[in-house]
Protein chains: 2
Amino acid sequence: MTQITLAHGNGGRLMRELIEQVFAERLGSLAPDTRLDAAELSWATGRLLVSTDGFTVQPLEFPGGSIGSLAVHGVVNDLAVSGGRARLLTLAAILEEGLALVVLERVVNDLAEAARACGVRVVAGDTKVVARGEGSGLYLTVTGLGERLPGPALGLDAIRPGDAVLVSGPVGDHGAAVMLAREAFGLRAALRSDSASVLPLAQAAMAFEGLRFMRDPTRGGLATVMHEICAATGLGVRLFEEAIPVRPEVAGVCELLGFDPLYLACEGRVVALVAPQHAQALLDAWHALPEGEGAAIIGRIEPAPAWVVLETELGERLLPELVEDPLPRIC
Amino acid sequence: MTQITLAHGNGGRLMRELIEQVFAERLGSLAPDTRLDAAELSWATGRLLVSTDGFTVQPLEFPGGSIGSLAVHGVVNDLAVSGGRARLLTLAAILEEGLALVVLERVVNDLAEAARACGVRVVAGDTKVVARGEGSGLYLTVTGLGERLPGPALGLDAIRPGDAVLVSGPVGDHGAAVMLAREAFGLRAALRSDSASVLPLAQAAMAFEGLRFMRDPTRGGLATVMHEICAATGLGVRLFEEAIPVRPEVAGVCELLGFDPLYLACEGRVVALVAPQHAQALLDAWHALPEGEGAAIIGRIEPAPAWVVLETELGERLLPELVEDPLPRIC
């Protein structure tokens, strides 16, 4: 059999073989005991960080990753920007009838490789199969459990006027790479998704008492994180366009297609808000890491009104909140 | 707006409003802080049970429940049969463009009601939107975190020849109800899904030192659980057809449509394997509960070969392992 069939989802023999031969085989020692309804684990730390994320990216594979690696990084990163280290994942897959088994195998390989690199085990899983035309190959939902890293309490409530806004590297790489991988535009560029774990960046940032808040700018990009900050705090954000790192290839593709890189997803970047007196030291710490060599101080928090202002060489303008979706199915 | 649009999934304003007005509003005090990437919780018990499950049932609403209540019960039950009590859930929704908001609202109401009844909070969530024709209204993935109940260690490894097989009530109700709700057959019957929490049943069973193993017979039904036991233990199972509770309406629909109720999903039943000297006492304990009034002793574990034998009034036959899917998208 070279394709997923409805019978792969019925609880019977084919489903068992799929789970054993594709998922358990590739995950190896990271795989759950597939005979259990629930995994029982010891959890000694007394604190638990939990995050869940569905992945629907199209295409399933793109330069720099696949839905498999993206799913691991996405959840590892949600925990990392919350000040946590992912330890355990659960994995639920919704497969579409007709999905090529070789594609599924490659995706699970990517997932296993990313999980290994991030030091996380998959402790529970589930597979469902839907009929042709009721999915798009494969959807994954990953839930991550992690432990708190030492460091300051983080949160939107901790943000103060004057805080510096840092980003750990160029923005929009993932969005631009996935857009091009859809091939609909007949364009090619040397673009790769930035999909990666941000845990080293988050851990470095947690060393600073002045760290207020971190987020990974995925759907809706950098601009959307800034709007979340405004909406939650009532404070304003001022960004300096010149300072925001954007790869020339990303800027070029965006200009051609009418996108704004500030609204495109990243999957391996962190936005950090930090007290102004720690901004330079955090930037230096990030620059010392391979993941942070493109880091920059890109703005600051200001008193109300709760606007996102972009300072450009021509003056300043407001960055609107995203309403229409410029690029669906990016993660 | 009365329907889900792609923009409800882009991370921007419409997505924020959807999450606040549909999910957070209905979940009330059970809802997560929607501004967080990850929830931080205290977990004092030192042991953690984890389970994850994707839900793709069609139709989204059926007599006796909806995908919302089913998703809560499904995960609560996976933990219950593993000897655990669910405390926290995460919820990831994949919405299809065009889904009517009123349907989503009803489903989330059901989910909230089931969560309240089961005593679980939703600590983290995620929503994604896929284009028309890439989903079927709504898929949910729920991950449950629970704590271990006091009681014996359970597992396939604990099963011994001579153990009694019990089921907590009539089998096949969910499968038959969902099948009829699809309306494709032009049939109507007074059938309701048995979707419910089995925690009271599991807790009652955990009082018996002779309890070996529990499972909720969902996809593939009772027969599939029996095959899992054979495959994992190398032991045989003998079932007594006369003893297996099946509602007359379910038997009637199955006969008409050529299904076997032993392969149809239950969503509110438990299969328990227990040492023979405790079988009657467990049956009595279940009969004393409203959830267990239809409970019965239906079979026993036998030495190898690892066959599932059904004893009928006409003699005995082997129940084959499910290969083709008789009824996809049942949960």
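Residues numbered from 1 in each chain as written. Chains lettered and ligands numbered in written order. Predicted model: local features only at pLDDT ≥ 70, side-chain atom pairs only at ≥ 80, totals over all residues. Heavy atoms only, no water.

Student: Teacher, can you tell me more about the packing of aromatic side chains here?
Tutor: Here a ring pair, both rings aromatic, is described through the centre-centre distance and the interplanar angle of the planes. Tallying each qualifying case throughout the model produces one aromatic pair over all chains. Judged by centre distance (6.5 Å) and plane angle (50°), the rings of tyrosine 139 of chain A and tyrosine 139 of chain B are tilted. On the criterion of chain membership, the pair formed by tyrosine 139 of chain A in strand 7 (residues 138–148) and tyrosine 139 of chain B in strand 7 (residues 138–148) is interchain, its members lying in two chains. When the ring centre of phenylalanine 55 of chain B is taken as reference, the NZ or CZ atom of lysine 128 of chain A above it lies at 5.7 Å. (Phe/Tyr/Trp six-rings, centres within 6.5 Å; stacked < 30°, edge-to-face > 60°. Helix = DSSP H or I, 4+ residues; strand = E, 2+ residues; numbered from the N terminus. Lys NZ or Arg CZ within 6 Å of the ring centre and 35° of its normal.)

Student: How do you make sense of helix 3 (residues 101–118) of chain B when you look at a structure like this?
Tutor: It helps to recall that an α-helix has 3.6 residues per turn; residues three or four apart then point in one direction. Residues and elements named next belong to chain B. With 18 residues, helix 3 ought to run about 26 Å at 1.5 Å a step, and its terminal C-alpha atoms sit 25 Å apart, in line with that. Along helix 3, the positions that sit buried rather than exposed are Leu101, Val103, Leu104, Val107, Val108, Leu111, Ala112, Ala114, Ala115 and Cys118. For helix 3, the secondary structure elements touched by its buried residues are helix 1 (13–27), strand 3 (61–62), strand 4 (65–66), helix 2 (67–81), strand 5 (84–96) and strand 7. Positive backbone phi, at 70°, marks glycine 119, one or two positions downstream of helix 3. (Expected span 1.5 Å × (residues − 1). Buried < 20%, exposed > 50% of the residue type's maximum accessible area, 1.4 Å probe, protein only. Contact = heavy atoms within 4.5 Å.)

Student: I tried to follow the environment of arginine 26 of chain A on my own but got confused; where do I start?
Tutor: Residue and element names in this part refer to chain A. With respect to the secondary-structure elements, arginine 26 resides in helix 1 (residues 13–27). With a relative accessible area of 22%, arginine 26 lands in the partly exposed category. With 183 residues separating them in the primary sequence, arginine 26 and glutamate 209 have C-alpha atoms 41 Å apart. When residues no more than four places from it in sequence are discounted, the contact partners of arginine 26 are Gln21, Glu105, Val108, Asn109, Ala112 and Arg116.

Student: Honestly, the domain arrangement of chain A in this entry has me stumped. Any pointers?
Tutor: Quoted interface sizes are often the accessible area lost when the parts come together. All names here are of chain A. Domains assigned within chain A are domain 1 (35–148) and domain 2 (156–318). Just the C-alpha atoms count here: the centres of domain 1 and domain 2 sit 25 Å apart. Every contact between the two is made by 20 residues of domain 1 and, on the other side, 22 residues of domain 2. Across the domain 1/domain 2 interface, buried area totals approximately 1700 Å², and carbon plus sulfur atoms make up 60% of it. It is Pro63, Asn77 and Val81 in domain 1 that bury the most area against domain 2; as a group they hold 31% of the surface buried on that side. Seen at the junction of domain 1 and domain 2, the total is zero salt bridges. Taken together, the connections running from domain 1 to domain 2 amount to seven residue pairs in polar contact (both at pLDDT 80 or more). (Domains from an automatic or database assignment. Buried area = accessible area lost by both parts, 1.4 Å probe. Salt bridge = Lys/Arg side-chain N within 4 Å of Asp/Glu carboxyl O. Polar contact = N/O pair within 3.5 Å; in protein donor to acceptor, adjacent residues only side chain to side chain.)

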